[in-house]
Every structure is written in C-alpha cells, then in structure tokens.
Amino acid sequence: MTDVTTPVPTAARKAAAHLPGEASMWFFVIGDLLIFAFYFVAYMYYRGQNHELFLDSQAKLNTDLGAVNTVVLLTSSLFVALGIWAARAGKTADADRLLCLALGCGALFPVLKAFEYIPEVLAGLTPGTDLFFMFYFVMTGMHLCHVLLGLAILAFMVRNVRGGQPRMSLLETGATYWHMVDLLWIILFALLYLMR
C-alpha cells in the first residue's frame, strides 16, 4: 500500500502563511511594543518599591472612564477586523461603513481622555505630583499620540476603500497598527487602573 498525498497548491500555501500587512509595519509594531515593555517593567519595579504611594495615587483615577475607553477601543478594533473581512470579500460598501464606525469609536477615545485629564490636572494631579502620576501621564500620553496617529491611518483606510478597488496590503497594515494601539491600552488599563 502506497501513501499518496495530494500536493497543496502554491496559492493555498501562500494564503495559509500570509502575514497581514507590510513587513515594515511589523518592524515598527514590534519596536513600539519593546519600548512600551521597557516602561511597563520600569513601572512594575517602582510600583514594587512604592506600593502604598502607587495604590493611593491609583485610587484618584477615574476607573469608569478608563473602562469606557477600553470598550470604545475594543469595539473599534472589532469594526476594523470586520471591515478588513468585508474588503477581502469584495464588499466595499460594507467595508466603508465598518471602517467609518471604527473611526468614530476611535475618535471617542481622545474626547473621553480629555474628560479624564482635565479634572485630574485641575485637581493638581500632574506628572510632577508623584512617581505614579509621572508614569500615568507619560504612558497614557504616549498612547494618546498613538491613537491620534491611528485615527489618521483609519481615515486613510476609509479613503482607500472609497477609491474603488482597495489595496488589501494597505488595509491590513493599518489594521495591524490599530490592533497594536488597542493591545497597548488593554495593558495600560490593567496596570494603571486595575492592578492592586
């Protein structure tokens, strides 16, 4: 008895091994994650050295707004993923609608962050208040800059979809970046708002 195997077509093998987005974006994402990892490790180290200070300062954060922002970004990521799926299926009208919803949800993040930052600053909570707030403002501020860049990328993705035949590599590259932004926020939310 001989073992006869059917060769897998080259196109199917390429599709199975496909890494979404451009390699340059993955290089950027991995580099960015490493930079944030450095901040996370430093935060954990200093938190271990000043546990009571960090707990007292953490209690002054608006956890409800942080949770709403988490839901907003996760919902936006879901819309991006569904938009990419629709674009792959050739449903450009659906992709356009879903990416616009992703952009709208993502745009809520800086608005909500302003509603969080302003009362904190007015209450005298600034990066100079203590070590916790230094980490809080630096890390969430860096993340906010990433969100703003991500919103520009999402707008570019919408424009690409509306242009007729969308470039999937461009859409996947933008989606890769946006999902990284969401991943960073989940870690920040857990570290800054939830960890006791």
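Located above this text is the structure these notes cover.
This report concerns the structure included in the present document. Going along each chain's sequence as written, the residues are numbered from 1 onward. Only residues with pLDDT of at least 70 get local features here, since the model is predicted, and only at 80 or more are side-chain atom pairs given and counted; chain-wide, interface and lining totals rely on the full set of residues. Working from all heavy atoms in the structure, the side-chain values ignore hydrogens and water.

### Structural notes on the pattern of salt bridges
- Criterion for a salt bridge: a side-chain nitrogen of Lys or Arg within 4 Å of a carboxyl oxygen of Asp or Glu. Counted by the stated rule, this structure contains four salt bridges.
- Between Arg 88 and Glu 172 there is a salt bridge, with the nearest N and O atoms lying 2.7 Å from each other. Taken together, the residues Arg 88 in helix 4 (residues 63-88) and Glu 172 in helix 7 (residues 168-194) connect sequence positions 84 residues apart.
- Given the relative accessible area of 6%, Glu 172 is considered buried.
- For Asp 96, the salt bridge identified is with Arg 162, shortest N-O distance 2.8 Å. One end of the pair, Asp 96, is in helix 5 (residues 92-122); the other, Arg 162, is in helix 6 (residues 131-162), and 66 residues separate them in sequence.
- Categorising residues by exposure relies on relative accessible area from a 1.4 Å probe, with only protein chains included: less than 20% of the type maximum marks a residue as buried, more than 50% marks it as exposed, and the intermediate range marks it as partly exposed. Residue classification places Asp 96 among the buried residues on the basis of a relative accessible area of 18%. Numbering of helices and strands runs from the N terminus; a helix is a DSSP stretch of H or I covering at least four residues, while a strand is a stretch of E covering at least two.

### Some remarks on the packing of aromatic side chains
- Working definition: a ring pair exists when centres of Phe, Tyr or Trp rings (six-membered ring for Trp) sit within 6.5 Å. Plane angles under 30 degrees give stacked, over 60 give edge-to-face, the rest tilted. In total, this model carries 20 aromatic pairs according to the counting rule given.
- Between Tyr 45 and Tyr 46, the aromatic rings sit 5.1 Å apart at their centres with planes inclined by 80°, giving edge-to-face as the arrangement.
- A ring pair is formed by Phe 132 and Phe 133, whose centres lie 5.1 Å apart and whose planes are at 90°; its orientation type is edge-to-face. The burial state of Phe 132 is the same as that of Phe 133; both residues are buried.

### Observations regarding the nonpolar core
- The definition of a nonpolar core used throughout is a set of buried Ala, Val, Leu, Ile, Met, Phe, Trp, Tyr and Cys residues joined through side-chain atoms within 4.5 Å. Ranked by internal contacts, the top residues of the largest apolar core, which has 53 residues, are Tyr 43, Val 80, Phe 132, Tyr 136, Met 157, Leu 171 and Leu 192.
- In contact with Met 157, other than residues within four places in its own chain, are Val 80, Ile 84, Leu 99, Leu 170, Leu 171, Gly 174 and Ala 175. Residues count as neighbours in contact if any of their non-hydrogen atoms are within 4.5 Å of one another.

### Some words on the packing of helix 5 against helix 6
- The axes are straight lines fitted to the C-alpha atoms, using for helices just the contacting stretch, and the angles between their N-to-C directions are given from 0 to 180°. Helix 6 packs onto helix 5 with a crossing angle of 160° between their chain directions and a minimal axis gap of 9 Å. Relative to helix 6, the element helix 5 lies roughly antiparallel. The handedness of the crossing between helix 5 and helix 6 comes out as left-handed.
- In this count, Pro and Cys sit with the nonpolar residues alongside Ala, Val, Leu, Ile, Met, Phe, Trp and Tyr, while Asp, Glu, Lys and Arg are called charged and the others, Gly among them, polar. Looking at the contact of helix 5 with helix 6 residue by residue, the class counts come to 21 nonpolar, five polar and five charged. Our angle categories are set so that under 35 degrees counts as roughly parallel, over 145 as roughly antiparallel, 65 to 115 as roughly perpendicular, and the remainder as oblique. We call a crossing left-handed when the near helix sits turned anticlockwise from the far one by less than a right angle, and right-handed when that turn is clockwise.

### Brief notes about the packing of helix 5 against helix 7
- Where helix 5 meets helix 7, the axes come as close as 13 Å, and the angle between the chain directions of the two elements is 30°. As far as their axial angle goes, helix 7 and helix 5 are roughly parallel. Note that helix 5 runs across helix 7; the crossing there is left-handed. Of helix 7, the residues touching helix 5 (which contributes Leu 99, Gly 106, Phe 109, Lys 113 and Glu 116) are Leu 171, Trp 178, Trp 185 and Tyr 193.
- Here the contact of helix 5 with helix 7 is built from residues that sort into six nonpolar, one polar and two charged.

### Side note on helix 6
- Taking 1.5 Å of rise per residue, 32 residues should cover 46 Å, and helix 6 covers 46 Å from first to last C-alpha, within 8% of that figure.
- Here helix 6 starts with a cap whose side-chain oxygen sits 3.0 Å from the backbone nitrogen of Phe 132, and that cap is Asp 130.
- One or two residues past the end of helix 6 sits Gly 164, with phi positive at roughly 115°. In this scheme, a helix's expected span is set at 1.5 Å multiplied by one less than its residue total. In protein, a polar contact means a hydrogen-donor-capable atom and an acceptor-capable atom, both N or O and within 3.5 Å, with residues adjacent in sequence counting only if both atoms are side-chain atoms; elsewhere, any N or O pair within 3.5 Å suffices.

### Topic: the environment of Thr 75
- If you trace the backbone, Thr 75 turns up in helix 4.
- Note on Thr 75: relative accessible area 28%, which makes it partly exposed.
- Along the chain, Thr 75 and Arg 167 lie 92 residues apart, while their C-alpha atoms are 24 Å from each other.

### Quick look at the environment of Leu 154
- Checked against the element boundaries, Leu 154 lands in helix 6.
- On a C-alpha basis, the gap between Leu 154 and Met 139 in space is 22 Å, while along the polypeptide they are 15 residues apart.
- Contacts of Leu 154, omitting those with residues within four sequence positions, involve Ser 76, Val 80, Ala 102, Leu 103 and Trp 178.

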